[in-house]
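Here is how the chains run, residue by residue.
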Amino acid sequence: MSKSKKANTPFAIANYERQQLVEALRRMYLIRKFEEGAEDSYMRGLIHGTMHLSIGQEASAVGSCMPLAPDDQITSTHRGHGHCIAKDADIAMMFAEFFGKETGYCKGRGGSMHIADVEKGNLGANGIVGGGIPIAVGAALTAKTLKTGKVVLCFFGDGANNEGAFHEALNMASIWKLPVVFVCENNKYGMSTSTERSTAVANIADRAAAYSMPGKTVDGNDFSAVCEAVNEAVEHARSGHGPSLVENVTYRWRGHSKSDRNRYRTKEEIGEWMERDPIKSFAAELEDHGIMTADEIQALEADVNRQIETAIEFAKASPDPSPSDVTRDVYTEAAQ
Amino acid sequence: MNVHNAAQEEEIVEMSYAEAIRDALDIALTTDERVVLMGEDIGVYGGAFQVTGDLVHKHGADRVLDTPISELGGAGVAVGAAATGLRPVFEFQFSDFAMLAMEQICNQAAKMRYMLGGAVSVPLVMRFPAGSGTGAAAQHSQSLEAWLGHVPGLKVVQPSTPRDAKGMLLRALEDPDPVMVFEHKLLYKTKGMVPTGHYTTSLDKAEIRRQGTDVTIVASSVMVQRSLEAAEFLAGDGISAEVIDLRSVRPIDRHTIVESVKKTTRLICVYEGVKTLGVGAEISAMVAESEAFDFLDAPIIRLGGAEAPMPYNPDLEKAAVPQVDNIVSSASQLCRGQL
Ligand SMILES: Cc1ncc(C[n+]2csc(CCOP(=O)(O)OP(=O)(O)O)c2C)c(N)n1
Ligand SMILES: [Mg+2]
């Protein structure tokens, strides 16, 4: 990757090829529209259970995965649709999973909260807050022990940073200098509880000092800022210097989940953050720097819309799992 | 009968249970670069019960990895490593401390494959030094196999002899799924004949340790030896007891137990875990639901751990788990129709 082409040029614009930048914007649209499609399907009763939407956090997901190589790995969270798409998942298989179908990523066994794409390096969302953090460290232990050269990127929320697993896992990653990047998506709340009320430090990245690793807080709605910070952390990890903690400050536009009555955030606060739409600002940046024209951006958006429709059709038409298969895949080998 | 891979057995030597486990770990570390041992003080210290011993000197600190005192995180690291290509063997210093790691064992390791629709396997081995009899009281003496046995996705075994300890551990290391191995602390110093070299013992088969015709005693772990001693007494009293070593809690070898009960018409379950909702409850229910039900000539008896935390005082500690006398008197009452 060439170092900054022009002074004051955003990191991503200076360091990635046009086609990579277009793909990044496409994935951000895909996340937004995938989740809108999922929400709509939920309202129509096509999807049951619950789901956690990341609308408003797209720059964090895509910007964090941008510096990763295709076979690098991630662990994700309950708010994981964006991570999955950022790691190049097939949205038809994602919709199929949400619809509970046999053609879904988890064959209808996991749903939204366990969405994964192991072939693309996504080791899975997690229903347990903080559950994926030690698992990411374990994947990094594999990378180091077997010298695979892989880096593992671990997504978690501001709420998860108060779990014991966070402390234990970051400490181990540091003492063993493992190739892992911890990415805290600080969207200001864990359900209804604000970071001010839940967390004793002003910035979650301040906690990096306790584990002797670099820590950085960035504007998580600024695609390029996220890329730059995570890129540095990925290079640090890949060159054997161990873990880092990057905090992407962002905001979820929607409620925590389908049960949220929005009693803890003001309309004004939500409105202010919606003004700072990460997709709009990245698209504007691409236009300003002559990477894409307004027409090209519109065409990209329209293309994504069509892709969503086709994917939903695929999910609807897919077969349900057979009830007789309820115990399949509990074990790798079927019992004799 | 049991699958011992005889072709690769070289000779048979006497070893302690702990030595047999160490031998299995040594073979695995030598032959499979994916194997790593993880746990608290398993390196130069050699493990709290000297199971890993000097392995760190032979295989290095990267393969015999001392973890911080972080059961939850350490277990999670082992889960993530297993899901991505290593074959970790995670030692809890005492099985009791696994309670701090239940989230990673039960929510993650056990369920990952299923939740992901079969996209991954988690070939993780965990070792749990378990049980009472060492004066370590309530937080260092428990038998938690039924807790983990309740979780689909896990395999849970309790080898009772040095030979099984080695063969089942080597088999666990070839298994694609998480295998939880409960090792009773009183067994570590017991000796037995163990083949040198690599062999495997199946993880899902009970073993008849003594044939009999009057009563079936299904025992696990350290209770197998106690039941065999009881059977010897009973034989002097004209009662012929069949002793089955359960060996696996999940899955339970239904066939071996049911066939035995059909033959003897009586059943006693002997286990150290708390009696209520324990392994014996499951075995009793399994037999009650089976074709052996019609053969039963007497009520089923469960001899399990007391409904109390493990006490410290040696006499209380003995009173809290089944002893040879309890087995003998229950079996004689049962066979004489006094129940
Ligand atoms: C161990 C655990 N505790 C509680 C929950 C319920 N829960 C699900 S998400 C969530 C909030 C998590 O907040 P954060 O980590 O900030 O992620 P966000 O939802 O904001 O993306 C809670 C409390 C859970 N799933 N797991
Ligand atoms: Mg949050």
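Residues numbered from 1 in each chain as written. Chains lettered and ligands numbered in written order. Predicted model: local features only at pLDDT ≥ 70, side-chain atom pairs only at ≥ 80, totals over all residues. Heavy atoms only, no water.

Some words on the environment of Gly197(B)
Residues and elements named next belong to chain B.
Here's step 1: When you line up the elements, Gly-197 lands in the loop between strand E8 (191-195) and strand E9 (207-210).
Here's step 2: Taking the C-alpha atoms as reference, Gly-197 lies 27 Å from Ala-81; in sequence the two are 116 residues apart.
Here's step 3: The residues contacting Gly-197, other than those within four sequence positions of it, are Glu-10, Ile-27 and Lys-166. (Helix = DSSP H or I, 4+ residues; strand = E, 2+ residues; numbered from the N terminus. Contact = heavy atoms within 4.5 Å.)

So, the interface of chain A and chain B
Here's step 1: Opposite the 37 residues of chain A that make contact, chain B presents 44 residues.
Here's step 2: At the boundary of chain A with chain B, total buried surface from both sides reaches about 3200 Å², with 64% on carbon and sulfur atoms.
Here's step 3: Here chain A is connected to chain B by 2 salt bridges.
Here's step 4: Here chain A is connected to chain B by 13 residue pairs in polar contact (both at pLDDT 80 or more).
Here's step 5: Broken down by secondary-structure element, the contributors of at least two residues to the side of chain A that touches chain B are helix H6 (132-145) and helix H7 (164-175) of chain A.
Here's step 6: When residues of the side of chain A that touches chain B are assigned to their parent elements, the largest contribution, 8 residues, is made by H6(A).
Here's step 7: By residue class, the composition of the side of chain A that touches chain B is 19 nonpolar, 12 polar and 6 charged. (Buried area = accessible area lost by both parts, 1.4 Å probe. Salt bridge = Lys/Arg side-chain N within 4 Å of Asp/Glu carboxyl O. Polar contact = N/O pair within 3.5 Å; in protein donor to acceptor, adjacent residues only side chain to side chain. Nonpolar A, V, L, I, M, F, W, Y, C, P; charged D, E, K, R; others polar.)

A word on the pattern of salt bridges
As a working rule, side chains carrying opposite charge can pair if their charged atoms are close by.
Here's step 1: Tallying each qualifying case throughout the model produces 42 salt bridges over all chains.
Here's step 2: Linking Arg306(A) and Asp303(A) is a salt bridge whose minimum nitrogen-to-oxygen distance equals 3.6 Å. Taken together, the residues Arg306(A) and Asp303(A), both in helix H12 (residues 294-317) and 3 residues apart, mark about one turn of the helix.
Here's step 3: For Asp303(A), a relative accessible area of 35% translates into the label partly exposed.
Here's step 4: Note that Asp164(B) and Arg247(B) form a salt bridge whose closest N and O atoms lie 2.8 Å from each other. Placement of the pair is Asp164(B) in helix H7 (residues 162-172) and Arg247(B) in the loop between strand E11 (241-245) and strand E12 (248-250), with a sequence separation of 83 residues. By the burial criterion, Asp164(B) is buried, and Arg247(B) matches it.
Here's step 5: Because the salt bridges share partners, they merge into one network encompassing Glu102(A), Arg109(A), Asp325(A), Arg328(A), Asp329(A) and Arg113(B). (Buried < 20%, exposed > 50% of the residue type's maximum accessible area, 1.4 Å probe, protein only.)

Describing the site of ligand 1
Residue and element names in this part refer to chain A.
Here's step 1: Taken together, the neighbourhood of ligand 1 is formed by 15 residues, with His-78, Arg-79, Gly-127, Gly-159 and Tyr-189 sitting nearest.
Here's step 2: Interatomic distance of 3.0 Å between a side-chain N/O atom of Asp-158 and an oxygen atom of ligand 1.
Here's step 3: Ala-160 is positioned such that a nitrogen or oxygen atom in its backbone is 3.1 Å from an oxygen atom of ligand 1.
Here's step 4: When ligand 1 is considered free in solution it has 580 Å² of accessible area, and contact with the protein chains removes 73% of it.
Here's step 5: Its residues assigned to classes, the shell around ligand 1 comprises 5 nonpolar, 7 polar and 3 charged. (Near = heavy atom within 4 Å. Areas by Shrake-Rupley, 256 points an atom, 1.4 Å probe, with all protein chains shown as cover.)

Things to note about the nonpolar core
Side chains of nonpolar character tend, in soluble globular proteins, to be buried together.
Here's step 1: With 82 residues, the main nonpolar core has Phe182(A), Ile105(B) and Leu148(B) as its most contacted residues.
Here's step 2: Both domains that meet at this core, namely domain 1 (8-195) and domain 2 (207-335) of chain B, each give it at least three residues.
Here's step 3: Those residues in contact with Ile105(B) that lie beyond four places of it in its chain are Phe92(B), Ala98(B), Ala110(B), Met126(B), Phe128(B), Leu148(B), Leu154(B) and Met180(B).
Here's step 4: In terms of nonpolar packing, the next biggest core, distinct from the first, is built from 67 residues, Leu53(A), Ala61(A), Val62(A) and Tyr105(A) among them. (Core = buried A, V, L, I, M, F, W, Y, C linked by side-chain atoms within 4.5 Å. Domains from an automatic or database assignment.)

As for the domain arrangement of chain B
The parts lose accessible area when they come together, and the size of an interface is often stated as this lost area.
All names here are of chain B.
Here's step 1: Per the domain assignment, the segments of chain B are domain 1 (8-195) and domain 2 (207-335).
Here's step 2: Each of domain 1 and domain 2 has a C-alpha centre, and these two points are 26 Å apart.
Here's step 3: Domain 1 puts 29 residues into the contact, and the matching count from domain 2 is 22 residues.
Here's step 4: If you sort the residues of domain 1 by the area they bury against domain 2, Ser-132, Gln-158 and Ser-160 come out on top, with a joint share of 24%.
Here's step 5: Our count for the contact surface shared by domain 1 and domain 2 stands at 2 salt bridges.
Here's step 6: One can count 13 residue pairs in polar contact (both at pLDDT 80 or more) joining domain 1 with domain 2.
Here's step 7: Those elements that place two or more of their residues in the side of domain 1 that touches domain 2 are helix H6 (145-149), strand E6 (155-157) and H7.
Here's step 8: When grouped by side-chain class, the residues that make up the side of domain 1 that touches domain 2 number 13 nonpolar, 13 polar and 3 charged.

Focus: the sheet that holds strand E5 (residues 125-130) of chain B
All names here are of chain B.
Here's step 1: Across the sheet, which stays open at both edges, the 7 strands sit in the order E3-E2-E4-E5-E7-E6-E12 with mixed pairing between neighbours. Edge positions in the sheet fall to strand E3 (64-66) and E12, since each has one partner strand and no second. Put simply, the sheet's adjacent strands are angled 20° from each other on average, direction ignored.
Here's step 2: Pairing analysis gives 2 bridges linking E6 to E12, with the strands arranged antiparallel. The residue of E12 that forms the bridge with Val-156 is Arg-250.
Here's step 3: Of the strands in this sheet, strand E4 (87-91), E5, E6 and strand E7 (179-184) are in contact with H7, which crosses E5 at around 150°. (Pairing = 2+ DSSP bridges. Axes fitted to C-alpha atoms, helices over the stretch in contact; angles between N-to-C directions.)

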